[in-house]
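Structural overview for review
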Amino acid sequence: MTNIYDYTHKMLTEYLLSIGEKKYRANQIFEWLYKKRVKNFEEMTNLSDNLINKLKEDFYFSKLELILKQESIDKTVKCLYKLEDGNLIEAVVMSHNYGYSICITSQVGCNMGCRFCASGLLKKQRNLTAGEMLSQVITTEENFGKRISHIVVMGIGEPFDNYENLMRFLDNANNHKGLEIGARHITVSTCGLANKIKEYADEKLQINLAISLHASNNEIRNEIMPINKKYPIEAIIEAIKYYMTKTNRRITIEYIMIKDLNDKVIHAKELAELLKGLNVYVNLIPYNEVLEAPYKRSSKENMSLFLKTLKENGINSTLRKEQGHDIDAACGQLRSQKMKGK
Ligand code: SAH
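This text gives an overview of the structure that appears in the document. Computed from a predicted structure; not experimentally measured.

1. Digging into the overall build of the protein chain
When helices and strands are tallied, the protein chain shows 11 helices and 14 strands. For the protein chain, whose C-alpha radius of gyration is 21 Å, the value lies close to the compact-globule estimate of 20 Å for 342 residues. Its C-alpha atoms put the protein chain at 70 × 50 × 35 Å along the principal axes. Residue burial in the protein chain is summarised as follows: out of 342 residues, 56% are buried. Here the protein chain has roughly 15,300 Å² of accessible surface; of this, 49% comes from carbon and sulfur atoms. Of the side-chain charges in the protein chain, 49 are positive and 42 negative, and the distance between the mean point of each set is 3 Å.

Here it is as structure tokens:
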């Protein structure tokens, strides 16, 4: 049995052809799943009984159970969901003047081991399937009664360490027969798996890419991101250049501001030098302190000075406005607190 949300439109079409059905049935089924949002095959009234029975034999509808919901004063809502195998994941909904965005989880746990991050403490148990990623969007829309217009794959997990499922998810999220969320309204964030950045470039998608750089040199990056030993900054820069030639699209560079580690003017200058001439935009993020890590957030003065230095050196950048600070909204915090029995 397969979760029906794991199948892309193309996979479903191939399946239907293989059982002697017509291609257009895939459109009908997708319409029921993603537009009318039915939760069982019996309700798909324009299909034959035969086909409904066959679908019931081969597929099921996966469910996410809402365990806990936390709302912050700025209307950021964090949802803790239970998967069918009992594993817990998080999704965060943020309210903006342009609509609602959701930050979704891509893996149960994470193996990247970034020292500042609460998610990495719990090693990867498994990848999420495409359907489990889609269900976070669908179930959350249904729980809230609101349409979500933007998706960021920035929750727990390293999306490029779950590449194939991620691609299926993106396909259904973006497909006009699926969730129909515009490619430019979707962002995938990676810790910098350079080989996968190149593979992703070859897909030539219009979906946004963000890279968690967080350091201006290998010495600092090695200290906070073990993955840097495998893919050092030079490998990431090379992958960025490759991405540019393939897609002509701008990349977002994420840079968390950690006190006394990476937040000095010399780091800003070093970063500007590194990124000079690349079509990138730097998003400075105030570090969200977590109990498990020794790092502290940079001061407001240091963050502003860093931003100013980048701009003076010709780098497009902004300082991210914070949301959900009062509700453990940093990656993986709700889940890790819950698992510790808080
Ligand atoms: N694995 C992917 C996506 C998940 S993390 C990645 O590394 O990009 C999403 C973003 O949150 C990353 O930039 C990550 O470095 C950052 N992050 C993790 N913990 C954080 C914290 N405590 N405060 C601020 N940002 C954090």
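Structure shown, so let's carry the discussion forward.
2. Some words on helix H10 (residues 300-312)
The terminal C-alpha atoms of H10, which comprises 13 residues, lie 18 Å apart, in line with the 18 Å expected from a rise of 1.5 Å per residue. Among all positions of H10, only Met-303, Phe-306, Leu-307, Thr-309 and Leu-310 are buried. The arc enclosing the buried residues of H10, seen along the axis, measures out at 160 degrees, which places them on a common side. The outward face of H10, more than 90 degrees from its buried face, is lined by the exposed residues Lys-300, Glu-301 and Glu-312. One or two positions beyond H10, positive phi appears at Gly-314, with a value near 80 degrees.

3. Notes on the packing of helix H5 (residues 163-174) against helix H6 (residues 194-203)
Following both chains from N to C, one finds H5 and H6 inclined at 30 degrees, their axes separated by 12 Å at the closest point. In this view, H5 runs roughly parallel relative to H6, as classed from their interaxial angle. Every pair of crossing elements has a handedness; the one defined by H5 and H6 is right-handed. Along the contact surface, H5 presents Tyr-163, Met-167 and Leu-170, while H6 presents Lys-196, Glu-199, Tyr-200 and Glu-203. A breakdown of the residues in the contact of H5 with H6 according to their chemical character gives 4 nonpolar, no polar and 3 charged.

4. Some details on the pairing of strand E6 (residues 99-103)
The buried count for E6 comes to 4 of 5 residues, which makes it a mostly enclosed element. Where strand E5 (residues 88-96) and E6 come together, 5 bridges link them in antiparallel fashion. When the bridges of E6 are listed, Met-94 appears paired with Ser-101. Taking the residues between adjacent antiparallel strands as the criterion, E5 and E6 are bridged by 2 residues. Where E6 and strand E9 (residues 150-153) come together, 3 bridges link them in parallel fashion. Along E9, the bridge assignment pairs Ser-101 with His-150.

5. What about the state of the cysteines?
Per the counting criterion, the structure on display carries 0 disulfides. You can see Cys-114 has no disulfide; the closest cysteine sulfur is in Cys-191, sitting 5.7 Å from it. With a relative accessible area of 14%, Cys-114 lands in the buried category.

6. What about the sheet that holds E9?
Spatial ordering of the open sheet is given by E3-E4-E5-E6-E9-E10-E11-E12-E13-E14, a layout of 10 strands whose pairing is mixed. Taken across any chain shown, the strands that pair with only one partner, and hence form the sheet edges, are strand E3 (65-71) and strand E14 (317-319). Strand-to-strand twist of the sheet, defined as the mean angle between neighbouring strand axes without regard to direction, takes the value 20 degrees. As defined by bridge partners, strand E11 (residues 208-212) adjoins strand E12 (residues 251-257) across 3 bridges and the pair is classed as parallel. When the bridges of E12 are listed, Ser-212 appears paired with Glu-254. Along the sheet face, H5 touches E9 and strand E10 (186-190) and points at about 165 degrees away from the line of E10.

7. With respect to the site of the ligand
Neighbouring the ligand are 19 residues; Glu-158, Ser-189, Ser-212, His-214 and Asn-288 lie closest to it. For the ligand, an oxygen atom lies 2.6 Å from a polar atom in the side chain of Ser-212. Within the side chain of Glu-254, an N or O atom sits 3.4 Å from an oxygen atom of the ligand. The protein chains hide 92% of the 530 Å² of surface that the ligand would expose on its own. For the shell around the ligand, the elements supplying multiple residues, two or more each, are E10 and E12. For the shell around the ligand, the residue count by class is 10 nonpolar, 7 polar and 2 charged.

Cut-offs used in this document
Residues numbered from 1 in each chain as written. Predicted model: local features only at pLDDT ≥ 70, side-chain atom pairs only at ≥ 80, totals over all residues. Heavy atoms only, no water. Helix = DSSP H or I, 4+ residues; strand = E, 2+ residues; numbered from the N terminus. Rg over C-alpha atoms; globule rule 2.2 N^0.38 Å. Buried < 20%, exposed > 50% of the residue type's maximum accessible area, 1.4 Å probe, protein only. Areas by Shrake-Rupley, 256 points an atom, 1.4 Å probe, with all protein chains shown as cover. Lys, Arg positive; Asp, Glu negative; His and termini not counted. Charge placed at Lys NZ, Arg CZ, Asp CG, Glu CD. Expected span 1.5 Å × (residues − 1). Arc of directions from axis to C-beta. Axes fitted to C-alpha atoms, helices over the stretch in contact; angles between N-to-C directions. Parallel < 35°, antiparallel > 145°, perpendicular 65-115°, else oblique. Left-handed = near helix turned anticlockwise from the far one by under 90°. Contact = heavy atoms within 4.5 Å. Nonpolar A, V, L, I, M, F, W, Y, C, P; charged D, E, K, R; others polar. Pairing = 2+ DSSP bridges. Disulfide = S-S within 2.5 Å. Near = heavy atom within 4 Å. Polar contact = N/O pair within 3.5 Å; in protein donor to acceptor, adjacent residues only side chain to side chain.

Spatial relationships are all this shows, so hold off on functional conclusions.
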